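Topology and contacts: notes
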Number of protein chains: 2
Amino acid sequence: MTPHHRPQLDIEAVSDALLGEWKADRLESRRVASDPRFHNIPGQSMEEQRERVLGQLRLLVEEGAIQRAYPKDLGGKDNHGGNLAAFEELVLADPSLQIKSGVQWGLFGAAILHLGTRKHHEKWLPDVISLELPGAFAMTEIGHGSDVASVATTATYDPETEEFEIHTPFRGAWKEFLGNAALHGRAAVVFAQLITQGVNHGVHAFFVPIRTPEGELLPGVGSEDDGVKGGLNGIDNGRLHFTHVRIPRENLLNRYGDVAADGTYSSQIDSPGRRFFTMIGTLVQGRVSLDGAAVNAMKAALAIAIRYGSERRQFPGPDGRDTVLLDYGQHQRRLLPLLAQTYAMQFAGHRLLTAFDEVFSGKNDSDEAREDLETLAAALKPLSTWAALDTLQEAREACGGAGFMAKNRLTGLRHDLDIYVTFEGDNNVLLQLVGKRLLADYAAQFKDADKAALAKAAVGQVGEGLTRFGLRQIGQSIADLGRIARSVEHVRSADAQHALLTDRVQTMVSEVALALRDATKNVPKGDKRAKAIAQAEAFNAQQHKLIEAARAHGELLQWEAFTEELSRFEGDTLKVMTWLRDLFGLTLLERHATWYLVSGRLSGSRVEAVSSYIDRLIGRVREVALDLVEAFGLTPELLRAEIATGIEAERQEEAQAYVDERIAAGEWPIHEKELRARAKAKAERG
Amino acid sequence: MTPHHRPQLDIEAVSDALLGEWKADRLESRRVASDPRFHNIPGQSMEEQRERVLGQLRLLVEEGAIQRAYPKDLGGKDNHGGNLAAFEELVLADPSLQIKSGVQWGLFGAAILHLGTRKHHEKWLPDVISLELPGAFAMTEIGHGSDVASVATTATYDPETEEFEIHTPFRGAWKEFLGNAALHGRAAVVFAQLITQGVNHGVHAFFVPIRTPEGELLPGVGSEDDGVKGGLNGIDNGRLHFTHVRIPRENLLNRYGDVAADGTYSSQIDSPGRRFFTMIGTLVQGRVSLDGAAVNAMKAALAIAIRYGSERRQFPGPDGRDTVLLDYGQHQRRLLPLLAQTYAMQFAGHRLLTAFDEVFSGKNDSDEAREDLETLAAALKPLSTWAALDTLQEAREACGGAGFMAKNRLTGLRHDLDIYVTFEGDNNVLLQLVGKRLLADYAAQFKDADKAALAKAAVGQVGEGLTRFGLRQIGQSIADLGRIARSVEHVRSADAQHALLTDRVQTMVSEVALALRDATKNVPKGDKRAKAIAQAEAFNAQQHKLIEAARAHGELLQWEAFTEELSRFEGDTLKVMTWLRDLFGLTLLERHATWYLVSGRLSGSRVEAVSSYIDRLIGRVREVALDLVEAFGLTPELLRAEIATGIEAERQEEAQAYVDERIAAGEWPIHEKELRARAKAKAERG
């Protein structure tokens, strides 16, 4: 299994690729995250954690660690990509610290920045940036989690006093799970239905003071503490409710919609639906940065588990010495595909971050670019946040009991990151959003096409795709797929991987599209209600498949990102990175082999060939696994896991030295087994 | 999707089946677990948790909750099955409480009971039972987790003083992760290599005092606190080390091996290997009871998520009202197969518990029965403990942010149960053990057979199996498999499910066996070292497949247990339980569809038929899902999850009532969307 020549990895080149475009911001943020003042402390009470993290936020301000995204004239740097890159690294200090800073500067502050106008920026942002004004982001309600358009809090305009009245009419409308709401917030950006002149203009954001500087709740404002959570206990999550709370008209964050003194509503976006999605879309940075944070957690998990697995020995091998865990076939199968996946997700994350920066810096800001960005974030964030939980868990188990100790960090990271899969958009809801976009793009190809074209498309023979990288592959030609799939030799080529992954997305989307189209064909013309019900039922029946299609789309994007990255490398490094890309691609094919078999894309023998080649790749990658985690650049200050410090190898050596010494001294007791074997041999001889 | 006739489930009958043979013990234990004095308290510091749980252990003694397994003349009941059944329910009070009681009475006490002899029982067990003598179970070492045979702690006999000297020669030999070691333990059962007269007789257990009644460590004994863990923080896990600590000769727990005053070793079991496994085998109850505890955690998770999912609404449906989560196709796909799996695992657990009771009560105690029991426990414990983590996580995500709140219990249970997958035998190591047993049974069939028979066996045409229920199915005739698999109509029949599941185990095992046999055929005869290396390499290459085969074996046993249980039911209840069994079986076929396709057992269209039938079953099971969790019998005192109390439905009703009232009063503001739609319609008319 061992290759004759162990490849020499250019660790610096790989490390650079992993750091990506905002390398300097990342390294600066890692410097901060390495500082013990920013570290989490296992075992603190909830109260202690909350106090610690609030103090750490103040230190972040001092360090200049959080200002990057704000306008230059307000002390920022207008550096949107670098801001999120730096934010993503903070997870290594403490996820509570990261997310609480995200609440303050990435949600509360960013809402004022992106939904407010100049007067709001000047009035509030300096205090937001300096943490003089800690705030909450009051969007989610108890009754409406993922469905923001349906929030029930109202902001009713009163032209008499030129005020909005913020009101939560029932308990389901209470704002829920808000960081800074239980204790530290002095204001909140509240999302509420804007009602003026008897018309509901949909959800808008309002700046609402909630506490005095001394921490007393203002009249009409109520708060409940969410208490202990499954993780992130350094954040004071809580509920907020408002009983006829009045705020000045100017507190409407009016970038996309405004109310004149007389109560007249105006907006530059006519469609209420598009207006809502435009407003919500400005908050995509949460999803973008969670994707990157999740990848960082995966890197930490694998750095810990692979280093420990390279030292830890268990059960004697044929040479008498205990076998290193990472030499076990099962251990390799558990960890090394996750390593390949982490690389793929990191590279995909870089593309997402670039897309984000291009939109928010204005380099490429259009409706289409924003929509692509949102779809890309909705495709990648679910996959990486789920993968982070799986990777942390596999790493924890691979380290056995040691993995369960808080001092080895795996469980704490997993507890904290658990919520990443349902906040900033529930992962399933996000994937469904991607699926709907895929369906829309698919339908757009056939606006003028007849049924025959649709059928043809369904078997995978359509033209070029649509957008720059969001969804371009859907329509890609895969004319050579049949030939490739028939050849065992080529089933592992990059072209074959690409064609197979692409074909799967395309075929799944077209199958769902056809099923949805057929759903209404028996409904009497003009019966809108029957049609709506039939459509809803058909969609529900296809929901699982559509979400799987969206997942496949995200995986394809990750594979493409990894493949594009290969052009950076040469020599041995290129070879190793290609193994890793192949391991990622073939693991996807193996995971979805049922689909490839049922759809006739791969034969049984090709599927077996994929699995054997994965086994060979794993054997090769094992040889360079330590280099590949070394390239993560996670220093001991960032990892802070006792078992990743070489302590296990020291213990092994100490034990071996003791045994060797005793044997040399003739003091090692013979084992009864050996005694019996000798007696048996003697009896046979005699 | 909704069946015309909603079946009436006999909840009591189902509940009885779930409670099983030791119903009375389980109900009594649930009574205890319902008492607030035994509940966990989220947010307590580690120190507070440890104190609380120690106090709760004392209360368990008062309640008579822990004595069942001990001999009648020492205040027990000789009730081995009932003891574990009751123990399994304690997880609902608090997993820390459960596991700490398991350390005291199921490990420390049980080791004295099963490895010691009458004099030990009389001397220590009364104080163990009363908790006068809290103790640790010192088996695992830092350097040797799963590999107990290799522990490095020594117990060297000194005939001069008639004492053993317990010694940990290096840091890797320190005993690790021991409950009661950091604080509360006053003695420990220490596993050490027994050395006398210059010979190492392998691992034996010794009773070693470690602390004074005042809590001071005894001379030569050292302890380190493991500190905060990823869960179970009510237990004072720690390390123990011994520097030439002397104990009387009588402190050897000498049921299976003894040392005379002059140092002569004796044992009724000649083979040191079999002696070791016999001693370790007495401790199987840990694995048996973790299996049952895991199933209870799954039941709690699903009771919470399914009740909440039946009330929670999100996103408007075609009727204008928000849709109930459990009516979403994806939500059903996420939760309902887990419900079927929980039932299957419960019924399999009952058979495991019965097997355990038969061995330990002496009803059916033979080497063969013990070996079967150990294999069965090693097959089921990994599957159920992993399933518990997956189920808790899916339930947590299905409840969104509410699932992340400690007061809704899902995260806490998951944190605590995390370690269940690697303690009392690492899950992968256990499955490998099962795999080895499957290989041995397989080989035993061919002792006198020639190559042709082996080849014939490999394609699945051998005779009846071997043991009563551990492994009987391996050799079962599946002559009719070909016919079944060719018929779409019958792919969902019980016979087809059984044949397909059985065939998979058998074929996988025979494939691994053939690969292992072929591995040494090119090794020169007599080259033992080369043969050992070739065997080890071949085994390693097959490790992943063997573990998968063991998993398949466990799944088959679960399916069989569920199927046997069906005979208890009739009418609608039988119908529903059969749906559930089919959902379990077909989900297994779907999960392993790649294997069935590659091996030619199922065609692509049959695999698609399996998936569509799963969709239909899920639609039916959804109708009775609340009844099926009701049958778990988990009262509010046992669940203690706010979101499972009906609070969500109340909030929905309050909100709906508010909206209805406002609409009736003509005070509901019109939405801009509706206004625009009306204007558009008017324009079109005009």
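Residues numbered from 1 in each chain as written. Chains lettered and ligands numbered in written order. Predicted model: local features only at pLDDT ≥ 70, side-chain atom pairs only at ≥ 80, totals over all residues.

**Concerning the packing of helix H13 (residues 427-444) of chain A against helix H17 (residues 528-565) of chain A**
Residues and elements named next belong to chain A.
- Where H13 meets H17, the axes come as close as 8 Å, and the angle between the chain directions of the two elements is 85 degrees. Judged by the angle between their axes, H13 and H17 are roughly perpendicular. Contacts between H13 and H17 pair Asn428, Leu431, Gln432, Val434, Gly435 and Leu438 from the former with Gln543, Leu546, Ile547, Ala549, Ala550, Arg551 and His553 from the latter.
- Along the lines of polarity and charge, the residues of the contact of H13 with H17 split into seven nonpolar, five polar and one charged. (Axes fitted to C-alpha atoms, helices over the stretch in contact; angles between N-to-C directions. Helix = DSSP H or I, 4+ residues; strand = E, 2+ residues; numbered from the N terminus. Parallel < 35°, antiparallel > 145°, perpendicular 65-115°, else oblique. Contact = placed C-beta atoms within 7 Å. Nonpolar A, V, L, I, M, F, W, Y, C, P; charged D, E, K, R; others polar.)

**Examining the confidence of the model for chain A**
Residue and element names in this part refer to chain A.
- Confidence in the prediction for chain A averages 92 pLDDT; 93% of positions are at 70 or higher.
- Confidence over residues 458-486 falls short of pLDDT 50; this stretch has 59 contacts with residues more than four positions distant or in other chains.
- In the model output, the complex is listed with pTM 0.95 alongside ipTM 0.94. (pLDDT = per-residue confidence, 0-100.)

**Looking at the environment of Lys381 of chain B**
All names here are of chain B.
- The residue Lys381 is located in helix H10 (residues 367-398) in this model.
- With 30 C-beta atoms packed within 10 Å, Lys381 lands in the buried category.
- Placed 86 residues apart in sequence, Lys381 and Val295 show a C-alpha to C-alpha distance of 9.9 Å.
- Beyond its immediate sequence surroundings of up to four residues, Lys381 is in contact with Arg287, Leu290, Asp291, Gly425 and Leu430. (Buried ≥ 20, exposed ≤ 12 C-beta atoms within 10 Å, placed from the backbone.)

**As for the packing of helix H8 (residues 285-311) of chain B against helix H9 (residues 329-360) of chain B**
Residue and element names in this part refer to chain B.
- Viewed as axis vectors pointing N to C, H8 and H9 meet at an angle of 150 degrees, and their least axial separation amounts to 9 Å. Relative to H9, the element H8 lies roughly antiparallel. Crossing geometry of H8 relative to H9 is assigned as left-handed. Contacts from Gln285, Val288, Asp291, Gly292, Val295, Met298, Lys299, Leu302, Ala305, Ile306 and Gly309 in H8 reach His331, Leu335, Leu338, Leu339, Thr342, Met345, Gln346, Gly349, Leu352, Leu353 and Phe356 in H9.
- Here the contact of H8 with H9 is built from residues that sort into 13 nonpolar, seven polar and two charged. (Left-handed = near helix turned anticlockwise from the far one by under 90°.)

**Here we look at the nonpolar core**
- Within the largest apolar cluster, 407 residues are counted, with the highest numbers of intra-cluster contacts made by Ile304 of chain A together with Ile304 of chain B.
- Discounting chain neighbours no more than four positions away, the residues touching Ile304 of chain A are Ala395, Cys399, Asn408, Arg409, Leu410, Leu639, Ala641, Ile643 and Ala644 of chain A. (Core = buried A, V, L, I, M, F, W, Y, C linked by C-beta atoms within 7 Å.)

**Looking at H8 of chain B**
- Here H8 of chain B contains 27 residues, and its C-alpha end-to-end distance of 40 Å stays within 8% of the 39 Å for a straight helix at 1.5 Å per residue.
- In terms of burial, H8 of chain B is a largely internal element, 26 of the 27 residues being buried. (Expected span 1.5 Å × (residues − 1).)

**Brief notes about the domain arrangement of chain A**
Residues and elements named next belong to chain A.
- Examined at the domain level, chain A breaks down into domain 1 (11-130), domain 2 (137-275), domain 3 (286-630) and domain 4 (646-685).
- For domain 1 and domain 2, the distance between their C-alpha centroids amounts to 25 Å.
- Tallying the contact residues gives 24 residues for domain 1 and 19 residues for domain 2.
- Of all elements in the fold, only helix H3 (46-62), helix H5 (95-115) and helix H6 (118-130) reach the threshold of two or more residues within the side of domain 1 that touches domain 2.
- Of the residues belonging to the side of domain 1 that touches domain 2, the class tally is 13 nonpolar, six polar and five charged. (Domains from an automatic or database assignment.)

**Structural notes on the interface of chain A and chain B**
- Contacts between chain A and chain B engage 80 residues on the former and 80 residues on the latter.
- Residue contributions to the side of chain A that touches chain B peak at eight residues, all from H17 of chain A.
- Residue classes in the side of chain A that touches chain B are distributed as 34 nonpolar, 30 polar and 16 charged.
- Pairing of strand S14 (residues 670-671) of chain A with strand S6 (residues 199-209) of chain B, which is carried by two bridges, proceeds in the parallel orientation. (Pairing = 2+ DSSP bridges.)

**Some points on the sheet that holds strand S7 (residues 221-225) of chain A**
All names here are of chain A.
- Taken together, the three strands give an open sheet; going across it, the order is S4-S8-S7, and neighbouring strands pair in antiparallel fashion. Both edges of this open sheet fall to strand S4 (175-178) and S7, since each of them pairs with a single strand only. Strand-to-strand twist of the sheet, defined as the mean angle between neighbouring strand axes without regard to direction, takes the value 25 degrees.
- Note: S4 against strand S8 (residues 238-242), two bridges, orientation antiparallel. Along S8, the bridge assignment pairs Lys175 with Leu240.

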